[in-house]
Amino acid sequence: STNNAAAFAETVEQALSGLNLNAENLQYKEYLEKHPDLPGETLAQYRAQLEIIEKVVEHLDGDSSSHSLEEKNSRFEVLLDLLQRVWLYS
């Protein structure tokens, strides 16, 4: 629905803006390996973000045009929840 799409767009924007991504740290795993000296809280935050991002990627990889509308809505809700969780760690 239109409300879901608007909520999704807003959540994605908030999640991505809060991540402070730049060319050097777009690849979380490599960034964490290159910066083992990050403060403990920051490292824990980045690791939590990485875990959720991996779940988002896995979730998106499972999308299919053959899913029913009910399944698509359910998958949308899961994705929205994951993106909100990423934003909470930003």
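Just so it is clear, the model here is predicted, and its values are computed rather than measured.

**Considerations on the overall build of the protein chain**
Argument step 1. Of regular secondary structure, the protein chain possesses four helices and zero strands.
Argument step 2. Within the span of the protein chain, comprising 90 residues, buried residues form 28% of the whole.
Argument step 3. For the protein chain, restricting intrachain contacts to residue pairs at least 6 apart in sequence, the fraction spanning at least 24 positions comes to 55%.
Argument step 4. Carbon and sulfur atoms form 51% of the exposed surface of the protein chain, whose accessible area is close to 6300 Å².

**Side note on the confidence of the model for the protein chain**
Argument step 1. A residue-level look at the protein chain finds 71% of positions with pLDDT of 70 or above and a mean pLDDT of 76.
Argument step 2. The lowest-confidence element of the protein chain is helix α1 (residues 2–19), averaging 61 in pLDDT; the highest-confidence one is helix α4 (residues 69–88), averaging 86.
Argument step 3. Below pLDDT 50 for its whole length, residues 20–25 participates in six contacts with residues either more than four positions away or in separate chains.

**Here's the deal with the packing of helix α3 (residues 40–61) against α4**
Argument step 1. The N-to-C vectors of α3 and α4 enclose an angle of 160°; their axes lie 9 Å apart at closest approach. Taken together, the axis directions place α3 and α4 in an arrangement best described as roughly antiparallel. Crossing angle aside, the handedness with which α3 passes α4 is left-handed. Between α3 and α4, the contacting residues are Q49, I52, I53, K55, V56, H59 and L60 on the first element and R75, V78, L79, L82, L83, R85 and V86 on the second.
Argument step 2. Here the contact of α3 with α4 is composed, by residue class, of nine nonpolar, two polar and three charged.

**Details of the pattern of salt bridges**
Argument step 1. Summed over all chains, the structure comprises one salt bridge.
Argument step 2. A salt bridge links E51 to K55; the nearest nitrogen and oxygen atoms lie 3.7 Å apart. In this pair, E51 and K55 both sit in helix α3, four residues apart, roughly one turn of the helix.
Argument step 3. According to the relative accessible area criterion, E51 is partly exposed, its value standing at 45%.
Argument step 4. Residue class for K55 comes out partly exposed when judged on its relative accessible area of 35%.

Conventions used here
- Residues numbered from 1 in each chain as written.
- Predicted model: local features only at pLDDT ≥ 70, side-chain atom pairs only at ≥ 80, totals over all residues.
- Heavy atoms only, no water.
- Helix = DSSP H or I, 4+ residues; strand = E, 2+ residues; numbered from the N terminus.
- Buried < 20%, exposed > 50% of the residue type's maximum accessible area, 1.4 Å probe, protein only.
- Contact = heavy atoms within 4.5 Å.
- Areas by Shrake-Rupley, 256 points an atom, 1.4 Å probe, with all protein chains shown as cover.
- pLDDT = per-residue confidence, 0-100.
- Axes fitted to C-alpha atoms, helices over the stretch in contact; angles between N-to-C directions.
- Parallel < 35°, antiparallel > 145°, perpendicular 65-115°, else oblique.
- Left-handed = near helix turned anticlockwise from the far one by under 90°.
- Nonpolar A, V, L, I, M, F, W, Y, C, P; charged D, E, K, R; others polar.
- Salt bridge = Lys/Arg side-chain N within 4 Å of Asp/Glu carboxyl O.

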